[in-house]
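One letter stands for each residue in the lines below.
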Amino acid sequence: MERIILLGPPGSGKGTQAELLEKNRNFICLSTGDLLREEIKKESEFGKNVKHYLDNGLLVPDEIITEFILETIEKNRFFEKKVVFDGFPRRVSQADALNKKLAEFSSSIDSTILIKLDKEEIIKRLTGRLVCPECKKVYPASHSEICDNCGAKLVKRTDDNEEVIKKRINVYNEETAPLIEYFNKLGKLIEIDGNGSIEEVHNKIVEVINKQ
Ligand code: AMP
């Protein structure tokens, strides 16, 4: 499998699983959330334009994000590489644009893996989690405040507070969940259970990839 999308509600572990696929299976991870947070940290013009959306749990408008991601794909020739998409597409319009861009290079998405998780577990995971501002690794609340990977001091994401989390879940249900039916109709949807340890979920994803 060359190009896969990880789909799922916030907190389902898309970022963590994408990172593991990068580490263990030679995928390149394209995480839109990480790219956007990087731009905000750099205080670039682009970062300034998108900050408000991230802080409020809203999706960045297509006019801003889609072109940015499609350019990244083209510039890095991701259409011919093993790539895992984490956080893109998040709307049907984005999926259409992505499919069209890949088709220009006779490429396509092979599969979309939906990581399923219920609302209580999402809130429990997100309100406690910590992230490394340097290498982006994500940790549960029980972890010490230092990143195992690079030694930086861990922080909470500014959008990981209960009010914004609820908003992000609503936005997911309204704007992103229609992608489930979209990829199902294309015969490209595979569902897995997002409960269980990081390793268990990783093994399920690897099993899916190996079967294709
Ligand atoms: P994530 O790290 O994937 O949870 O994304 C964090 C935030 O970045 C989201 O709540 C949105 O504000 C923004 N974002 C990430 N990916 C997209 C996308 N494909 N379309 C619009 N906004 C996005």
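Look up: the structure comes first, before these words.
Structure report, in brief. Keep in mind that what you see is a predicted model, and the values were worked out from it rather than measured.

### What to know about the layout of surface pockets
By volume, the second largest pocket amounts to about 210 Å³. For the second largest pocket, the full set of lining residues is T16, E19, L20, E22, K23, K137, V138, Y139, N149 and I198. Elements represented by at least two residues in the lining of the second largest pocket include exactly α1 (14-25) and β6 (138-139). At five residues, α1 tops the list of elements feeding residues into the lining of the second largest pocket. Tallied by class, the residues present in the lining of the second largest pocket amount to four nonpolar, two polar and four charged.

### Let's talk about the nonpolar core
Counting residues in hydrophobic clusters, the biggest one holds 31 residues, and the most contacted among them are I73, F85 and L98. Only β1 (3-7), α2 (32-42), α3 (45-55), α4 (62-75), β3 (83-86), α5 (92-104) and α8 (178-185) provide two or more residues apiece to this core. If one sorts the elements of this core by residue count, α4 sits on top with five residues. Leaving out residues up to four positions away in the same chain, L98 has contacts with I5, L70, I73, F85, F88, P89 and I109. If you look at the next biggest cluster of nonpolar residues, it comprises 15 residues, including M1, A18, F27 and I209.

### Describing the site of the ligand
The local shell around the ligand holds 15 residues, among which T32, L58, V60, G87 and R90 are the closest. Here R90 contributes a side-chain N or O atom positioned 2.9 Å from a nitrogen atom of the ligand. Contact distances for the ligand include 3.1 Å between an oxygen atom and a side-chain N or O atom of R157. Across the complex, the protein chains shield 96% of the 490 Å² of accessible surface that the ligand would expose by itself. Elements with a minimum of two residues in the shell around the ligand: α2 and α3. With four residues, α2 is the largest single contributor of residues to the shell around the ligand. Tallied by class, residues from the shell around the ligand come to eight nonpolar, four polar and three charged.

### A short note on the sheet that holds strand β7 (residues 189-193)
What links the strands of a sheet is backbone hydrogen bonding, and the strands pair in either a parallel or an antiparallel sense. Strand order in the open sheet formed by five strands is β2-β3-β1-β4-β7, and the pairing between neighbours is parallel. Edge strands, defined here as strands with exactly one partner in the open sheet, are β2 (28-31) and β7. In this sheet, adjacent strand axes meet at a mean angle of 25 degrees when their direction is disregarded. Across the sheet, helix α9 (residues 198-211) is in contact with β1, β4 (111-116) and β7; its angle to β7 comes to roughly 155 degrees.

### Quick word on the packing of helix α7 (residues 162-176) against α8
Where α7 meets α8, the closest approach of the two axes is 5 Å, and the angle between their N-to-C directions is 35 degrees. Listed contacts from α8 to Y172, N173, E174, E175 and T176 of α7 are P178, L179 and I180. By residue class, the composition of the contact of α7 with α8 is four nonpolar, two polar and two charged.

### Observations concerning unusual backbone geometry
Note the cis peptide between F88 and P89, where omega equals 0 degrees. Here P89 shows up in the loop between β3 and α5. Positive phi, close to 50 degrees, is recorded for R77, a residue that is not glycine. One can find R77 in the loop between α4 and β3. One non-glycine residue, K136, lies in the positive phi region at around 75 degrees. Structurally, K136 can be placed in the loop between β5 (130-131) and β6.

Rules and cut-offs
Residues numbered from 1 in each chain as written. Predicted model: local features only at pLDDT ≥ 70, side-chain atom pairs only at ≥ 80, totals over all residues. Heavy atoms only, no water. 1 Å grid on protein atoms, 1.4 Å probe; cavity = no way out; pocket = protein on both sides within 12 Å on 5 of 7 lines; lining within 4 Å. Points joined across faces, edges and corners; volume = space filled by probe spheres on them. Helix = DSSP H or I, 4+ residues; strand = E, 2+ residues; numbered from the N terminus. Nonpolar A, V, L, I, M, F, W, Y, C, P; charged D, E, K, R; others polar. Core = buried A, V, L, I, M, F, W, Y, C linked by side-chain atoms within 4.5 Å. Buried < 20%, exposed > 50% of the residue type's maximum accessible area, 1.4 Å probe, protein only. Contact = heavy atoms within 4.5 Å. Near = heavy atom within 4 Å. Polar contact = N/O pair within 3.5 Å; in protein donor to acceptor, adjacent residues only side chain to side chain. Areas by Shrake-Rupley, 256 points an atom, 1.4 Å probe, with all protein chains shown as cover. Pairing = 2+ DSSP bridges. Axes fitted to C-alpha atoms, helices over the stretch in contact; angles between N-to-C directions.

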